[in-house]
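Summary of structural features
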Amino acid sequence: MKYSAIKYKDIANGEGVRNVLFVSGCTHHCKGCFQPQTWDFNYGDDWDESIEKEFIDACEPSYIEGVTFLGGEPMEEVNQKGLLPLARELKKRYPQKTIWCYTGYTLEKDLLDEKGKAHFDTTAEFLSLIDILVDGEFELDKKDITLQFRGSSNQRILEKNESGEWGPWSKKMK
Ligand code: SF4
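Below, the structure is looked at part by part. (Residues numbered from 1 in each chain as written. Predicted model: local features only at pLDDT ≥ 70, side-chain atom pairs only at ≥ 80, totals over all residues.)

1. Considering the sheet that holds strand E6 (residues 132-135)
The strand order across the open sheet built from eight strands is E3-E1-E2-E4-E5-E6-E7-E8, with neighbouring strands paired in mixed fashion. With one partner strand each, in any of the chains shown, strand E3 (45-46) and strand E8 (166-168) form the two edges of the open sheet. Of the pairings in the sheet, the one linking strand E7 (residues 156-160) to E8 comprises three bridges and is antiparallel in character. In the sheet register, leucine 158 faces E8, and the bridge partner there is proline 168. (Pairing = 2+ DSSP bridges. Helix = DSSP H or I, 4+ residues; strand = E, 2+ residues; numbered from the N terminus.)

2. Brief notes about the nonpolar core
Grouped together as the largest cluster of nonpolar side chains are 30 residues, with contacts concentrated most on Leu21, Val23, Phe69, Ile99, Cys101, Ile130 and Ile132. Only strand E2 (17-23), strand E4 (64-70), helix H2 (77-93), strand E5 (98-102), helix H4 (123-129), E6 and E7 provide two or more residues apiece to this core. Apart from residues no more than four positions distant in its own chain, isoleucine 132 is found in contact with Gly14, Thr98, Trp100, Ile157, Leu158, Glu159 and Trp169. (Core = buried A, V, L, I, M, F, W, Y, C linked by C-beta atoms within 7 Å. Buried ≥ 20, exposed ≤ 12 C-beta atoms within 10 Å, placed from the backbone. Contact = placed C-beta atoms within 7 Å.)

3. Some words on unusual backbone geometry
With omega at 0 degrees, the peptide bond leading from glycine 71 into glycine 72 counts as cis. By secondary structure assignment, the location of glycine 72 is in the loop between E4 and H2. A positive phi angle, near 50 degrees, is found at histidine 29, a position not held by glycine. Tracing the sequence through the fold places histidine 29 in the loop between E2 and E3. Although it is not a glycine, phenylalanine 149 sits at a positive phi angle of roughly 60 degrees.

4. Observations concerning the pairing of E2
Burial analysis of E2 places six of its seven residues in the buried class, which makes it a mostly covered element. Where strand E1 (residues 2-10) folds back onto E2 in an antiparallel hairpin, the turn is made up of six residues, including glycine 14, whose phi is positive at roughly 125 degrees. Note that E2 and E4 share six bridges and pair parallel. Counterpart to leucine 21 in the pairing with E4 is phenylalanine 69.

These values are about where atoms sit, not about what they do.
Have a look at this one:
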């Protein structure tokens, strides 16, 4: 897995102060995408043990509410494989912190359905470690800069409850 950027102590991509990882590779190619350079799966640097340790350690302070996975597309097969061990380790070390993940795929059709475009061996476990999923492609004609944590109005902020079921984010304001 490659990644294009890390933003530590970010406040724009999820609730509270978060460490944000932008992975490389995306097959959606949405019109109006704000970072088309990240469509390339070879863009950026290798995600290796050293940077993974640095990222996990940087989540230790109590003011860090959690992490956010962005892209590119975190749910592409290679990125699910790369992010799963990271998500496992984060939940082991910081069970109280939350994991947000953005995806251009839709939860029911592409991720949960066994025939879905982004349903792989890794998907069920990866989803089980994610607390908040922001799903759906960016649609330029539905762009709305007033939306909280989303670019277009078709996108949803979904929250997993204790039973593992997904529903609308309980704290969503707009
Ligand atoms: S899913 Fe995200 S990164 Fe991929 S093309 Fe759409 S807006 Fe760009």
